[in-house]
Amino acid sequence: MIIEQQASAAILKQATALGASLVGIARVEDLRSAPSFTFAPKMPHAGEGIGTRKTDSGLKPGEAAWPENAKSVIVIAVNHPADEPKMDWWFGRKDPPGNRILAKICRDLCPWIEKTFGIQTVHLPYHVEKGGTYLKDAAVMAGLGCIGKNNILITPEFGPRVRLRALTVNADLIATGPRQFDPCKNCQEFCRKACPQNAFATQQYTEAEYGQKILPGRDGSYSRPFCNMQMEQDNDAAKEQRVDGFDDPVKIIKYCRRCELACPVGKPVKSSDTH
């Protein structure tokens, strides 16, 4: 146990040194029964819409798979401030800058873990259908925050303004969560009111129908198809522009962040607010 504690603490410290804003550890065994993992395979239109990828892995829509011998997952988060929108923009087919930051942290952390502790690592792909994991659930189980009424991760430090990536190890590290944190309990639902597609307007899923209490949007009131409609509009509205680093003009896609930016949790307190 002492060895696991030392390794866990050292890995968390190294991830932070490499640029992670937040980092946590969850047990793979706990995640197998986490809400997204049990709900997604039953969800209508699973594996469809913007943000999904075709795969020949043999996985059914919504299904997730774990690398062989994976015992713990390390979740990396970087803060995505409201005043740095480019972190989430797609430049043609190139990954957003924020995702490239996360990928580099994981690429640097994996060999460090293997060399330092002799532990096998796997840097997970972003997309579940390509062998990735449900990052929001992993982050919750790792103690980074909770799933909010806007169906995204809410952290105490940055609210929902974070981006996630993960890697697995074949060792039983010390889990850092989950934690008791729920800022949405008595919230005025700024996030839901900000949605341009009213994706939270009606209950889409029920406990009776799906056999679980925790559903998308916490109470089943989140419609992914409606959210996807907005992403399609954002896609259609994207225009080609000249950007440094590209020989030709590229299409810049700026996906909606309204529910995320409307959330007051984790926003810096202005000096005028303290008086």
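Located above this text is the structure these notes cover.
On a predicted model such as this, the values are computed, not experimentally measured, just so you know.

What counts, and where the lines are drawn
Residues numbered from 1 in each chain as written. Predicted model: local features only at pLDDT ≥ 70, side-chain atom pairs only at ≥ 80, totals over all residues. Heavy atoms only, no water. Helix = DSSP H or I, 4+ residues; strand = E, 2+ residues; numbered from the N terminus. Buried < 20%, exposed > 50% of the residue type's maximum accessible area, 1.4 Å probe, protein only. Phe/Tyr/Trp six-rings, centres within 6.5 Å; stacked < 30°, edge-to-face > 60°. Pairing = 2+ DSSP bridges. Axes fitted to C-alpha atoms, helices over the stretch in contact; angles between N-to-C directions. Salt bridge = Lys/Arg side-chain N within 4 Å of Asp/Glu carboxyl O. Expected span 1.5 Å × (residues − 1). Arc of directions from axis to C-beta. Contact = heavy atoms within 4.5 Å. Polar contact = N/O pair within 3.5 Å; in protein donor to acceptor, adjacent residues only side chain to side chain.

A. Focus on unusual backbone geometry. Across the junction of Gly 177 and Pro 178, the peptide omega takes the value 0 degrees, indicating a cis bond. Phi at Asn 69 is positive, roughly 70 degrees, even though this residue is not glycine. Mapped onto the elements of the fold, Asn 69 is located in the loop between α3 (35–39) and β2 (72–79). You will see that Glu 189, though not glycine, has its phi angle at about 60 degrees, which is positive. Assessed through its relative accessible area of 26%, Glu 189 is described here as partly exposed.

B. Structural view of the packing of aromatic side chains. Counted under the stated rule, the structure contains nine aromatic pairs. Between Phe 37 and Trp 66 the ring centres are 5.9 Å apart and the planes differ by 20 degrees, which places this aromatic pair in the stacked class. Of the two residues, Phe 37 is situated in helix α3 and Trp 66 in the loop between α3 and β2; the sequence distance between them amounts to 29 residues. Of the two residues, Phe 37 and Trp 66, neither departs from the other in class, the shared state being buried. Ring centres of Phe 39 and Tyr 210 lie 4.9 Å apart, and the angle between their planes is 55 degrees; this geometry places the pair in the tilted category. Here Tyr 210 lies in helix α7 (residues 207–210) and Phe 39 lies in helix α3, a separation of 171 residues in the sequence.

C. Spatial organisation of the pairing of β2. The buried fraction of β2 is high, at seven of eight residues. Pairing of β2 with strand β7 (residues 162–169) involves eight bridges; the strand directions are antiparallel. Looking at the pairing, Val 73 lines up with Thr 168 of β7.

D. The sheet that holds β2, seen in detail. With antiparallel pairing, the four strands of this open sheet are ordered in space as β1-β2-β7-β4. Two strands lie at the open edges of the sheet, namely β1 (22–27) and β4 (121–123), each paired on one side alone. This sheet shows a mean twist of 25 degrees between the axes of neighbouring strands, independent of strand direction. Two strands pair when backbone bridges link them, and β4 and β7 are joined in this way by three bridges, in the antiparallel orientation. Along β7, the bridge assignment pairs Thr 121 with Val 169.

E. Structural detail: the pattern of salt bridges. Following the criterion strictly, the structure yields nine salt bridges and no others. In this structure, Arg 32 engages Glu 29 in a salt bridge whose closest nitrogen and oxygen atoms are separated by 3.6 Å. Taking the shortest distance from any N to any O, the salt bridge between Asp 108 and Lys 104 comes out at 2.7 Å. With Asp 108 and Lys 104 both in helix α4 (residues 97–117) and four residues apart, this pair spans about one turn of that helix. One continuous salt-bridge network, built from bridges that share partners, spans Asp 88, Arg 163, Arg 257 and Glu 260.

F. Summary view of the sheet that holds strand β3 (residues 90–91). The sheet built from three strands is open, its strands ordered β3-β9-β8 with antiparallel pairing. If you trace the sheet from one side to the other, it starts and ends with β3 and β8 (239–241), each paired once. Inspection of the sheet shows β8 paired to strand β9 (residues 250–253) by three bridges, in the antiparallel sense. Within β9, the position partnered with Glu 240 by the bridge is Lys 251.

G. Representation of helix α8 (residues 224–237). For α8, with 14 residues, the first-to-last C-alpha span of 20 Å sits near the 20 Å given by 1.5 Å per residue. Here α8 has its buried residues at Asn 228, Gln 230 and Asp 234. Projected down its long axis, α8 shows its buried positions confined to an angular sector of 155 degrees, all on one face. Where α8 is buried, its residues touch β9 and α9 (258–262). Between a side-chain oxygen at the N-terminus of α8 and the backbone nitrogen of Phe 226 the separation is 3.2 Å; the capping residue is Ser 223.

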